[in-house]
Amino acid sequence: MNSRKTNKLYDKQYKNFKLLKKHPNGVEALFHLLEHPNLYVRYTSAIHLLSVNEKEAREVILAVASLSESLNFDSYYLLEEWDNGNLKEYYS
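Participant: Help me out: how do you make sense of the overall build of the protein in this one?
Facilitator: Across its full length, the protein carries six helices and zero strands. N-terminal to C-terminal, the α/β element order of the protein is α-α-α-α-α-α. Here the C-alpha radius of gyration of the protein, 13 Å, is about what a compact globule of 92 residues would show, namely 12 Å. Looking at the protein alone, contacts between residues at least 24 apart form 46% of all its contacts between residues at least 6 apart. In the protein, which carries 12 positive and 12 negative side-chain charges, the distance between the mean positions of the two groups comes to 11 Å.

In structure tokens, the structure reads:
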């Protein structure tokens, strides 16, 4: 996999989620995405909702992590960094 392309796509996806979150109905739309059939969409939506409803977002992150081996590892460190306060500004 090309890391430059992957990073570019991640940056684009991050910006899109931030824009969606700022939209008047954006948070509601993010909550709808927590039920999306694609695990990564659910996972990413939950990450962006940590600052809105931490309890529900954590539940979705952990549920998705239990279904995906690759996201399980990422989830552990993501939530650890969130708890340490290192991501709150980035995802708020």
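Participant: Even after reading the chapter, I still don't get the pattern of salt bridges, so can you show me in this structure?
Facilitator: If the charged atoms of two oppositely charged side chains come close together, the side chains can form a pair. In this structure the tally under the stated criterion is three salt bridges. The salt bridge partner of E54 is R58, with a shortest N-O separation of 3.1 Å. Here E54 pairs with R58, and both are found in helix α4 (residues 54-67), just four residues apart, close to one helical turn. Residue R58 is joined to D83 by a salt bridge in which the shortest nitrogen-to-oxygen separation is 2.0 Å. Within this pair, whereas R58 is found in helix α4, its partner D83 is found in helix α5 (residues 69-83), the two being separated by 25 residues in sequence. Residues joined in a network through salt bridges with shared partners are E54, R58 and D83.

Participant: For this particular structure, what's the right way to read the packing of aromatic side chains?
Facilitator: The description of an aromatic ring pair uses the distance of the two centres, along with the angle that the planes make with each other. Scanning all chains against the criterion turns up six aromatic pairs. Ring centres of Y76 and Y77 lie 4.9 Å apart, and the angle between their planes is 85°; this geometry places the pair in the edge-to-face category. Residue class for Y76 comes out exposed when judged on its relative accessible area of 52%. With centroids separated by 4.8 Å and ring planes inclined at 85°, the aromatic side chains of Y90 and Y91 adopt a geometry described as edge-to-face.

Participant: Whenever I open this one, the nonpolar core confuses me. Can you help?
Facilitator: Across soluble globular proteins, nonpolar side chains show a tendency to be buried alongside one another. Core analysis: the biggest nonpolar cluster contains 19 residues, and Y43, A46, I47, L50, I61, L78 and Y91 have the highest contact counts within it. Elements supplying a minimum of two residues to this core: α1 (3-22), α3 (39-49), α4 and α5. In this structure I61 touches Y43, A46, I47, L50, S75, L78 and L79, once residues within four positions along its chain are discounted.

Criteria and cut-off values
- Here, residues in each chain are numbered from 1, in the same order as that chain's written sequence.
- In keeping with the predicted nature of the model, local features appear solely for residues at pLDDT of at least 70, side-chain atom pairs appear and are counted solely at 80 or more, and the whole-chain, interface and lining totals rest on all residues.
- Computation of side-chain values: all heavy atoms of the structure, hydrogens and water removed.
- Only runs of H or I of at least four residues qualify as helices and only runs of E of at least two qualify as strands under DSSP, and these elements are numbered from the N terminus.
- Throughout, the radius of gyration refers to the C-alpha atoms, and the reference size of a globule is 2.2 Å times the residue count to the power 0.38.
- We call two residues contacting when some pair of their heavy atoms lies within 4.5 Å.
- Only four residue types enter the charge count: Lys and Arg as positive, Asp and Glu as negative, with His and the chain ends excluded.
- To locate a charge, the coordinates of NZ of Lys, CZ of Arg, CG of Asp or CD of Glu are taken.
- We count a salt bridge whenever a side-chain nitrogen from Lys or Arg sits within 4 Å of a carboxyl oxygen from Asp or Glu.
- When two rings of Phe, Tyr or Trp (its six-membered ring) have centres within 6.5 Å they constitute a pair, described as stacked for plane angles under 30 degrees, edge-to-face for angles over 60, and tilted for the intermediate range.
- Only protein chains enter the accessibility calculation, which uses a 1.4 Å probe; a residue is then buried when its area is under 20% of its type maximum, exposed when over 50%, and partly exposed in between.
- Note on terminology: a nonpolar core comprises buried Ala, Val, Leu, Ile, Met, Phe, Trp, Tyr and Cys residues joined through side-chain atoms within 4.5 Å.

Keep in mind these values describe shape, not function.
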